[in-house]
Amino acid sequence: MTATKKRLKIVAAISLLLLLLVYLYRMASFCPSGKVAVSVPGVEEVQAKWPPTESPLQRSLQMAYEEQSSLIREQKAELQRTRENLARLEEQVRSLQTSTPRKYPKVKYLNYKNRKRILITGGAGFVGSHLVDDLMVQGHEVIVVDNFFTGRKRNVEHWLGHENFELIHHDIVNPLFIEIDEIYHLASPASPPHYMYNPVKTIKTNTMGTINVLGLAKRVMAKVLIASTSEVYGDPTVHPQPETYWGHVNPIGPRACYDEGKRVSETLSYAYAKQEKVQVRVARIFNTYGPRMHMNDGRVVSNFILQALRNETITVYGNGKQTRSFQYVSDLVDGMIALMASNYTQPVNLGNPVEQTIGEFAEIIKKLVGGPSVIKQSKAMEDDPQRRKPDITRARQLLHWEPKVPLETGLQRTISYFRNELARSDRFQESSNKYFDTHTP
Ligand code: NAD
Ligand code: UDP
Ligand code: UDP
């Protein structure tokens, strides 16, 4: 054998060995477990060094890559475990919530015969929510219908979930089909800035809304109480105002959408009473105040109290000689419930006959709140009624009702409500600032 042949044989043997190694290496990388499928003695050592050209840099990169991959695998497993724990905790919270009864204000038990199903339209508003509280505590079933234009779920949240309570998000301009015994129809914006915001909607609510309420009352033979207003007297020429006074309203002024809307609401009530034998009650409500008044409703009570609490200027519109009489909300609610229970069908004034000028009222609020606010006059409101004081002889005689809460007592409660609301909105502002500070890139 020549030397050349010998060399050729050695080269062929080495090539064969190399081919075998390449084959084994491929097998190892195709194997899903990452392990070598076929074990050949000595191959693993060769594999570990393969490919022979791998530089130290590549090797350290490969090791770093593997380390990272295993770290990611561990973190994924940890995340999965945390998710499972969270799901278990959520399940526990859910079962605790269903097994622990919510704390509700105490309600009286009424048997089937005495318990009524009562609908309150606008029941998430200021007056409506207090009426809800009284009727719930008396043991009735209460259904609130509200479109939340000026009302808030928060006003009735303490009843959510109670077996006697139901809250329906619905606009009373649209028909409503439910079964009830009594209706308190309060749905309507009440403060001048709110009802002037969308005058057409205010008219629709007080006309179409009232037709739907009366149509519903007719179908189910329910008794219905309409929340009318002292605004039906307009800028009165008779003082104080008895129910027999027909009023002095500008039909095309900025307040007309509300004043005329409520006048039509009353007219509709008596048309349904006469034509369809619907049992109607009409409450002419005078200025009312108390906790749960809307903070930004622009009414004089909320404006003056907030201005005084914030040490801002107290703004009296016009010369401050116009008068109003303010009743506390619990007195109004007592009056409405008494009127509903009575047999009297003609309109009844519900208000406090103690009269103040708006200038005097600003002084009272400044004194009760304290602080350095100054009182200043500003532009008068168009068509602002100049004198308003109810004649409550009818309510006294027929309902044996009259207001009980003195102005100062009611105002103290209202001031403390607004003080808490301001602190609450400050806390909310603070925590939302913190949130945005930490979450804004
Ligand atoms: P409010 O604005 O706090 O409450 C009115 C409620 O009616 C709100 O919850 C609002 O979301 C709801 N509402 C309005 N339009 C609706 C619609 N189309 N469908 C369903 N819900 C609707 O006002 P308030 O002071 O509680 O007044 C209640 C009633 O008493 C009103 O009818 C008002 O005209 C009458 N009123 C109030 C006063 C007063 O001084 N508060 C005086 C006179 C008359
Ligand atoms: N309506 C309602 N709920 C009822 C019954 C009537 O909302 O349970 C509405 C009805 O859609 C109608 C309005 O009340 O638009 C007046 O009803 P009514 O029966 O007086 O008049 P009609 O239906 O004959 O027009
Ligand atoms: N008013 C005021 N300053 C205010 C808000 C209201 O002087 O910041 C006056 C308003 O001009 C009216 C009276 O207070 O004469 C009562 O206004 P409110 O809006 O409370 O009710 P209204 O009886 O006019 O519906």
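Chains are numbered independently. Their residues run from 1 in the order of the written sequence. Chains and ligands are labelled by the order in which they are written, letters from A for the one and numbers from 1 for the other. Per-residue local features of the predicted model are confined to residues with pLDDT of at least 70, and side-chain atom pairs are confined, for both listing and counting, to 80 or more; whole-chain, interface and lining totals are unaffected and use all residues. The basis for the side-chain values is all heavy atoms of the structure; hydrogens and waters are excluded.

For the protein, an unreviewed UniProt entry supplies the name UDP-glucuronic acid decarboxylase 1 and the organism Drosophila melanogaster. The annotation that UniProt attaches to the protein under Cofactor (unreviewed entry) is "NAD(+)". UniProt positions are given in the numbering used here, feature names are shortened, and annotations may be inferred rather than shown by experiment. Recorded in UniProt under Catalytic activity (unreviewed entry), the annotation for the protein is "UDP-alpha-D-glucuronate + H(+) = UDP-alpha-D-xylose + CO2".

Enquirer: So what exactly am I meant to see when it comes to the pattern of salt bridges here?
Expert: Side chains bearing opposite charge may pair, as long as their charged atoms lie close to each other. Criterion for a salt bridge: a side-chain nitrogen of Lys or Arg within 4 Å of a carboxyl oxygen of Asp or Glu. A complete count under the given rule lists 20 salt bridges for this structure. Ionic pairing is found between Arg292 and Asp133, a salt bridge with its closest N-O pair at 2.9 Å. Of this pair, Arg292 sits in the loop between β7 (288-289) and α8 (300-309) while Asp133 sits in helix α4 (residues 126-137), placing them 159 residues apart in sequence. In this structure, Arg292 and Asp133 share a single accessibility class: buried. Note on conventions: DSSP H or I runs of at least 4 residues are helices, E runs of at least 2 residues are strands, and numbering of each starts at the N terminus. Here's how the labels work: a residue is buried when its accessible area is under 20% of the maximum for its type, exposed when over 50%, partly exposed in between, all with a 1.4 Å probe on protein chains only.

Enquirer: Got a minute to help me understand the site of ligand 1 in this structure?
Expert: To be near a molecule or strand, a residue needs just one of its heavy atoms within 4 Å of it. As a structural note, the neighbourhood of ligand 1 is formed by 30 residues, with Val127, Asp146, Thr150, Tyr258 and Arg299 the closest of them. What qualifies as a polar contact is a pair of N or O atoms within 3.5 Å, subject to a donor-acceptor requirement within protein and to the restriction that residues adjacent in sequence count only when both atoms come from side chains. A distance of 2.6 Å separates an oxygen atom of ligand 1 from a polar atom in the side chain of Tyr258. Thr288 places a main-chain nitrogen or oxygen 2.9 Å from an oxygen atom of ligand 1. For the accessible areas, the method is Shrake-Rupley and the probe is 1.4 Å, while residue cover comes only from the protein chains on display. Burial of ligand 1 by the surrounding chains reaches 97%, relative to a free accessible area of 820 Å². Those elements that place two or more of their residues in the shell around ligand 1 are α4, β5 (223-229) and α7 (256-276). Considering every element that reaches the shell around ligand 1, the biggest residue donor is β5, with three residues. Across the shell around ligand 1, the residue classes break down as 14 nonpolar, 12 polar and four charged. Residues are sorted three ways: Asp, Glu, Lys and Arg are charged, Ala, Val, Leu, Ile, Met, Phe, Trp, Tyr, Cys and Pro are nonpolar, and all the rest, Gly among them, are polar.

Enquirer: Can you help me understand the side chain of Thr210 in this one?
Expert: Inspection of the secondary structure puts Thr210 in helix α6 (residues 199-220). A distance of 2.9 Å separates the side chain of Thr210 from the side chain of Ser265, its partner in a polar contact. Here, two residues are considered to be in contact whenever any of their heavy atoms come within 4.5 Å of each other. Those residues within four positions of Thr210 in sequence are excluded, and the remaining contacts are His185, Thr205, Ile226, Ser265 and Leu268.

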